[in-house]
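Chain and residue survey
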Amino acid sequence: MMMHVICWIVTLLIAFAAGKVVSKIKLPSILGWLIAGMLLGPHAAGLLPQRVMDLSWYKTIIMWMQCAFGLMLGTELIWKRIRSYGKALVVTTLTQSLGTFALVSLVFFAVFQMMDIPGYLAFAFGGIALATAPAPALSIVSEFHTKGPVTNTLLPMAVLDDIVGIAVFFTVNACIAKTVSGGNISLALIPVMIFMPILVGAVIGVLVGFLLKKVNGKSGILTVLIGGITVTAAVGYWLNTVVFTNITLNYMLLGVAFSAAFSNMIPEEKLKEANDDIHPIVAICLLGAIVDLGAPLDYHLILGAGLYTFIYIAARACGKYFGARSGAKLMKMPETVQKYLGFTLLPHSGVSLVFTGIVCATLEAGGESELAVIVKGTIAAAAVINELIAVIAAKKGFEKAGEISAA
């Protein structure tokens, strides 16, 4: 086990160094982290092999890290700050999420009709496509200290987008399961997947908020925050492994709800102090999560990408960009939000791979292994290609919006 831990730590150090190199050419460090994860992962050098990524200690640490970097979003969800966005935020989230789902589903439905492939598979692609992976954009926000309307819109939108993504995807997956007569997730469990992590995180966050009001000093604040993250992750793990055996609660959403609760309870000066104290730990968690996201990506798939892969990437990009633009324009949001928000919503791979695994298991359980192969091959290749393009596009979006001070 010790050798496995050392290999993982070495992988993180190499990824960190790769990020520094990439940042020298004015690109986000995350691009270096992703590439290092891919090249050191199971499909290349194997410094971080699949057998390590499957070990319980590794999964537990990544789970804790996902919960921890939820603080990057949750601590920005101050009610008095986001109240002014209100309806505009909700409408724009729905237009870009549901717009992406509709466009990708429609495009693939038309393609599959010509290829004599069941039309319902198109909705699997639509369900996978609508979700956004917030970690890449968050790393750019953190690294370049972005400030402005696009950043202020993106942070709360990332949370709402996650909720919409979970609701739509698992509804689609349940319908596909019924269609192929395999196992299925009850539609009644979908609200549980959405609201349970919010409830659990919020309750623990309120308790931590009371404690933060009483403690002072870096050591006291860190003790309370790390303890709160650990309890939140532990409760999430217990719910996922003991209570709900056929669904998985989102650890990042647990962390978001946890931090949003205490962030609205303590003075802004105390919140800034807490953020400054916990920032180095959250930064390490973000690095670990991005390397974990990049490691399963197989660079060989870039060469083997087929027509479906490019259709998927193009249709999803159009859905995200024009969906965000139309919603922002309809709600008269700032011009920079209308023009550039869509670029920051393109990162996708972590969520896409999780959703792909779920829908492929559903198809295989229903005896549709050939359809599962189509989904798996298309999304796996798209995850590699899209993520490399999306990180650069997201950084460019912040830059064009004028929210990177030293662009």
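Right, let's walk through the structure included here. The structure presented is a predicted model; accordingly, all values stated were derived computationally and were not measured.

Here we take up the packing of aromatic side chains. All told, the structure shown has 15 aromatic pairs when counted by the stated rule. Residues Tyr321 and Phe343 carry aromatic rings whose centres are separated by 5.0 Å and whose planes lie at 50 degrees to one another, so their mutual orientation is tilted. Here Tyr321, found in helix α16 (residues 307-330), pairs with Phe343, found in helix α17 (residues 335-344); they are 22 residues apart in sequence, far enough to count as distant. Exposure remark for Tyr321: the relative accessible area of 15% places this residue in the buried category. Counting every residue linked through ring pairs, the aromatic cluster contains Phe108, Phe112, Phe125, Tyr308 and Tyr312.

Summed over the entire model, instances satisfying the criterion amount to 0 disulfides. Lacking any disulfide linkage, Cys285 is separated from the closest cysteine sulfur, that of Cys67, by 9.5 Å. On the basis of relative accessibility, which here comes to 2%, the residue Cys285 falls in the buried class.

The next subject is the nonpolar core. Counting 127 residues, the largest nonpolar core has Phe108, Phe112, Leu121, Phe125, Tyr312, Leu363 and Val375 as the members making the most contacts within it. Among residues more than four places away in sequence, those in contact with Phe112 are Ile117, Pro118, Leu121, Ala122, Phe125 and Tyr308.

With that settled, consider a nonpolar patch on the surface. Together, Met2, Met3, Ile6, Val10 and Ile14 make up an exposed nonpolar region whose accessible area comes to about 460 Å². Here Met2 is to be found in helix α1 (residues 2-23).

Glancing now at helix α2 (residues 29-40). Under the 1.5 Å per step criterion, the end-to-end length of α2 is 16 Å for 12 residues, consistent within 8% with the ideal 16 Å. Counting buried residues in α2 gives 10 out of 12 residues, a clear majority hidden from the surface. What α2 keeps buried is the set Ser29, Ile30, Leu31, Gly32, Trp33, Leu34, Ala36, Gly37, Met38 and Leu40. Tucked into the core, α2 has its buried residues touching α1, α9 (134-144), α14 (268-294) and α19 (369-400).

Time to look at the packing of α16 against α17. Packed helix pairs are characterised by how far apart their axes lie and by the angle those axes make with each other. Close contact between α16 and α17 brings their axes to 8 Å; oriented N to C, the two are set at 150 degrees. As summarised for this structure, α16 and α17 are arranged roughly antiparallel, according to the angle between their axes. Classified by chirality, the crossing of α17 by α16 is right-handed. Here Lys320, Tyr321, Ala324, Arg325, Ala328 and Lys329 of α16 come into contact with α17, specifically with Val337, Gln338, Lys339, Leu341, Gly342 and Phe343. Residue composition of the contact of α16 with α17, by class: 6 nonpolar, 2 polar and 4 charged.

This paragraph deals with the side chain of Thr309. Examined against the element boundaries, Thr309 turns out to sit in helix α16. Take Thr309: its relative accessible area is 2%, and that puts it in the buried class.

On inspection of all chains with the given rule, the structure shows 5 salt bridges. Across the pair Glu335 and Lys339 runs a salt bridge whose closest N-O atoms are separated by 3.0 Å. In this pair, Glu335 and Lys339 both sit in helix α17, 4 residues apart, roughly one turn of the helix. Its relative accessible area of 52% is what places Glu335 among the exposed residues.

As for its placement among the helices and strands, Phe310 is situated in helix α16. The class of Phe310 is partly exposed, set by a relative accessible area of 46%.

Turning our attention to the packing of helix α12 (residues 218-243) against α14. Running from amino to carboxyl end, α12 crosses α14 at an angle of 70 degrees, the nearest separation of the two axes being 10 Å. By the criterion of interaxial angle, the relationship of α12 to α14 is roughly perpendicular. Side by side, α12 and α14 meet where Lys218, Ile221, Leu222, Leu225 and Ile226 of the first sit next to Lys270, Glu273, Ala274, Asp277, Ile278 and Ile281 of the second. Of the residues in the contact of α12 with α14, the class split is 7 nonpolar, no polar and 4 charged.

Rules of the game
- Residues numbered from 1 in each chain as written.
- Predicted model: local features only at pLDDT ≥ 70, side-chain atom pairs only at ≥ 80, totals over all residues.
- Heavy atoms only, no water.
- Phe/Tyr/Trp six-rings, centres within 6.5 Å; stacked < 30°, edge-to-face > 60°.
- Helix = DSSP H or I, 4+ residues; strand = E, 2+ residues; numbered from the N terminus.
- Buried < 20%, exposed > 50% of the residue type's maximum accessible area, 1.4 Å probe, protein only.
- Disulfide = S-S within 2.5 Å.
- Core = buried A, V, L, I, M, F, W, Y, C linked by side-chain atoms within 4.5 Å.
- Contact = heavy atoms within 4.5 Å.
- Patch = residues over 30% accessible without salt bridge, like charges linked within 9 Å, V, L, I, M, F, W, Y side chains within 5 Å.
- Areas by Shrake-Rupley, 256 points an atom, 1.4 Å probe, with all protein chains shown as cover.
- Salt bridge = Lys/Arg side-chain N within 4 Å of Asp/Glu carboxyl O.
- Expected span 1.5 Å × (residues − 1).
- Axes fitted to C-alpha atoms, helices over the stretch in contact; angles between N-to-C directions.
- Parallel < 35°, antiparallel > 145°, perpendicular 65-115°, else oblique.
- Left-handed = near helix turned anticlockwise from the far one by under 90°.
- Nonpolar A, V, L, I, M, F, W, Y, C, P; charged D, E, K, R; others polar.

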